[in-house]
Amino acid sequence: MTQQILSKCIMIATIMFYLLTGPKSLFAAADLYEPDNDLVSANVIDLNSPQAHTLDPAEDIDFVSFTGVKGNIYLLETSSVEDTDTYLYLYDSNGKELAKDDDSGIGLSSKIVWTCPDAGTYYAMVKHFVITGTGPYDLVLSNAGYISGRVLDSSGNPLTDAFENAYIDVMIGDPCGDSTWVGWGTINPDGTYTTEGLSPGSYYYLYAYTKTDSIHIDEWWAAPMSSQACSQAQPVTVTAGETTTDKDFQLDTSPVISYTVTTAVDPIGTGTVTGGGNYNEGTTATLTASPAVNFFFINWSGDSTATTNPIRILVNDDKNITANFNSTKRYMIVPIRSSDGRTVFVPL
Ligand SMILES: [Ca+2]
Ligand SMILES: [Ca+2]
Ligand SMILES: [Ca+2]
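Residues numbered from 1 in each chain as written. Chains lettered and ligands numbered in written order. Predicted model: local features only at pLDDT ≥ 70, side-chain atom pairs only at ≥ 80, totals over all residues.

Visitor: Please explain the overall build of the protein chain as it appears in this structure.
Guide: Across its full length, the protein chain holds two helices and 27 strands. Across the 348 residues of the protein chain, 25% fall into the buried class. (Helix = DSSP H or I, 4+ residues; strand = E, 2+ residues; numbered from the N terminus. Buried ≥ 20, exposed ≤ 12 C-beta atoms within 10 Å, placed from the backbone.)

This is how it looks when you write it as C-alpha cells:
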C-alpha cells in the first residue's frame, strides 16, 4: 500500500516537473530557433544552409535575418514534408515589407526571388497561412540561378505564332515517374528563353507549348538534341548566382493546329446545317444546308456569303457561318384585325 502511494506521488511529481519546467516539450513541438517571434530575436540564416523550423503552437511566427549584398539576386524558399501551408514575408532593416508569397514554391510552400537594392540587414518571416495552423517546414536562402537557351521548331526555325503561349517548365524528380514542377519561363518570339530564379540544384527540364489548352508538345532537354522520350531526359545543373546557358531545344514535331467551324440557322427552326466542328488548319470543310418542310435555302451569311449549297470552305481560322432559309408559302394581309388590333398574316 505504501509503495502504491509512493509511486503515485512520484508520477504526480514528474508531471508537475514537466508542467512547470517544460510545458512546450509536452504540448508543442517548438523548434530549436525559438524564441524568434520578432525582428530583434531573429536568427541569422546563412546562404545555402537550410534551417528546419516548426510553426507551433498556433499563431507562431518565425523570423530570420541575413546580410544582403547590393545587386545580388536572392531566393528565399520554404519546403515541407508535410506540405505545411507557409506564408513568407521579406522586410528591410526597418521592418518595412518588401515582398510576400504564399504558394509559389512546391505545393503550398512559398518562394520569393528578390534583387537586393542596397547592402544591409534584411529579415524574412514565416507564418502559417491559416492562423491556427501548425507544422514543420525548411527555410533556405540562396543566390538564385537561371537556365537559358533557345527553342526552335522541327525545321530549325524560330517558333511561329502557332506556338502562342509557349513556355518552359522546370521539373525535379523522375522524368518517367513522379516529377514535380518547380519553375518556368516564357519563350520569346525568337525562341530565346530564361527561366525564373531557381535554387542551386539539378533539374530535369520540360519544354511544352500550347496554342489552345488541348494541344501540347512536351519535350525533355537532352544533348545533343531534345527528345519527347522521358527516358532520354538529361539533368541540367543550376549554380547559385549564375545562368546555365545554351540549353537549346529543337522540337521533334510541328504543332497540329485546329480551328472550329460554328454553324447556325436563321430563323431558328427553319432548317439544319451539317459539316460544322473542328478541322485541322489548311483542311476543307463542307457545309450542307437542309431546309425544313415548307422552307427553302436562300444563302449563307457570316464568314461566307455564298448562295450555293453545299459550300466548301478553307479552314484557316475559326469560322462562324449561318444558313438562311425562307418559307415556300406566300402570305397576304387580310383586312381582318385581331381583337388586340394586330395585323394578321394568313398563308395563301
Ligand atoms: Ca517556430
Ligand atoms: Ca517563432
Ligand atoms: Ca502557402
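Visitor: Teacher, can you tell me more about the pairing of strand β8 (residues 120-128) here?
Guide: The two faces of a sheet get side chains in turn, since along a regular strand they alternate between them. Where strand β3 (residues 61-68) and β8 come together, eight bridges link them in antiparallel fashion. Bridge pairing in β8 links Val64 to Ala124. Here strand β5 (residues 86-91) runs beside β8; their pairing, made up of six bridges, is antiparallel. Of the residues in β8, the one forming a bridge with Thr86 is His128. (Pairing = 2+ DSSP bridges.)

Visitor: Mind showing me how you'd approach the pairing of strand β6 (residues 97-101) here?
Guide: With four bridges joining them, β5 and β6 adopt antiparallel strand pairing. By the bridge assignment for β6, Leu88 is matched with Asp101. From the end of β5 to the start of β6, which pair antiparallel, there are five residues, and Gly95 there has a positive phi angle of about 85 degrees.

Visitor: What am I meant to see in unusual backbone geometry here?
Guide: Peptide bonds are mostly trans, and most non-glycine residues show a negative phi. Cis peptide bonds are those with omega within 30 degrees of zero, and the linkage from Asp56 to Pro57 qualifies with 5 degrees. Put simply, Ala223 and Pro224 share a cis peptide bond, and its omega is 0 degrees. Relative to the helices and strands, Pro224 is located in the loop between β15 (217-220) and β16 (236-238). The phi torsion at Asp246 lies on the positive side, around 60 degrees, for a residue other than glycine. Take Asp246: it is sitting in the loop between β17 (243-244) and β18 (249-250). A positive phi angle, near 75 degrees, is found at Asn294, a position not held by glycine.

Visitor: Just checking my understanding: could you explain the sheet that holds strand β25 (residues 319-327) for this structure?
Guide: Strands belonging to one sheet form pairs held by backbone hydrogen bonds; the direction of such a pair is parallel or antiparallel. Taken together, four strands build an open sheet; the order of strands is β21-β19-β25-β23 and the sheet is mixed. The outermost strands of the open sheet, each flanked by one partner alone, are β21 (277-280) and β23 (295-302). Neighbour-to-neighbour, the strand axes of the sheet open up by a mean angle of 25 degrees, direction not taken into account. Of the strand pairs in this sheet, strand β19 (residues 258-266) and β21 are connected by four bridges, and their pairing is antiparallel. Paired with Tyr259 across the two strands is Tyr279, which belongs to β21. (Axes fitted to C-alpha atoms, helices over the stretch in contact; angles between N-to-C directions.)

Visitor: In this structure, what is going on with the sheet that holds β3? I would like to understand it.
Guide: In space, the five strands of this open sheet follow the order β1-β3-β8-β5-β6, with mixed pairing throughout. Of all the strands in the sheet, the pair left with one neighbour each is β1 (43-44) and β6.

Visitor: Even after reading the chapter, I still don't get the nonpolar core, so can you show me in this structure?
Guide: Inside soluble globular proteins, nonpolar side chains tend to come together where they are buried. Counting 45 residues, the largest nonpolar core has Tyr123, Tyr203 and Tyr205 as the members making the most contacts within it. For this core, the leading source of residues is strand β14 (residues 201-209), giving six residues. Taken together, domain 1 (23-134) and domain 2 (146-250) each give at least three residues to this core, which thus spans both. Once you skip the residues sitting within four places of it in the chain, Tyr205 turns out to touch Val170, Met171, Trp220, Trp221, Val236 and Lys247. Grouped together as the second largest cluster of nonpolar side chains are ten residues, Val261, Ala285, Ala289 and Phe297 included. (Core = buried A, V, L, I, M, F, W, Y, C linked by C-beta atoms within 7 Å. Domains from an automatic or database assignment. Contact = placed C-beta atoms within 7 Å.)

Visitor: Is there a simple way to think about the environment of Glu242 in this case?
Guide: On the secondary structure map, Glu242 appears in the loop between β16 and β17. With 96 residues separating them along the chain, Glu242 and Tyr146 place their C-alpha atoms 6.4 Å apart.

Visitor: When you look at the environment of Gly145 in this model, what are you seeing that I'm missing?
Guide: In this structure, Gly145 sits in the loop between β9 (135-143) and β10 (146-152). If sequence neighbours within four positions are ignored, Gly145 has contacts with Leu198, Pro200, Val238, Thr239, Ala240, Gly241, Glu242, Thr243 and Thr244.

Visitor: Looking at this model, I keep getting lost on the confidence of the model for the protein chain. Mind explaining?
Guide: Low-pLDDT stretches of the model should not have their predicted coordinates read in fine detail. For the protein chain, the mean per-residue pLDDT works out to 86, and 84% of the residues sit at or above 70. A low-confidence stretch, residues 11-28 (pLDDT under 50), is modelled with five contacts involving residues beyond four sequence positions or located in other chains. (pLDDT = per-residue confidence, 0-100.)

Visitor: Help me understand the environment of Asp153 in this model?
Guide: Assignment of secondary structure puts Asp153 in the loop between β10 and β11 (167-173). Its 19 C-beta neighbours within 10 Å are what place Asp153 among the partly exposed residues. Taking C-alpha positions, Asp153 is 9.2 Å from Phe163, a pair spaced ten residues apart along the chain. With near-sequence residues (within four places) excluded, Asp153 lies in contact with Leu159, Leu251 and Ser254.

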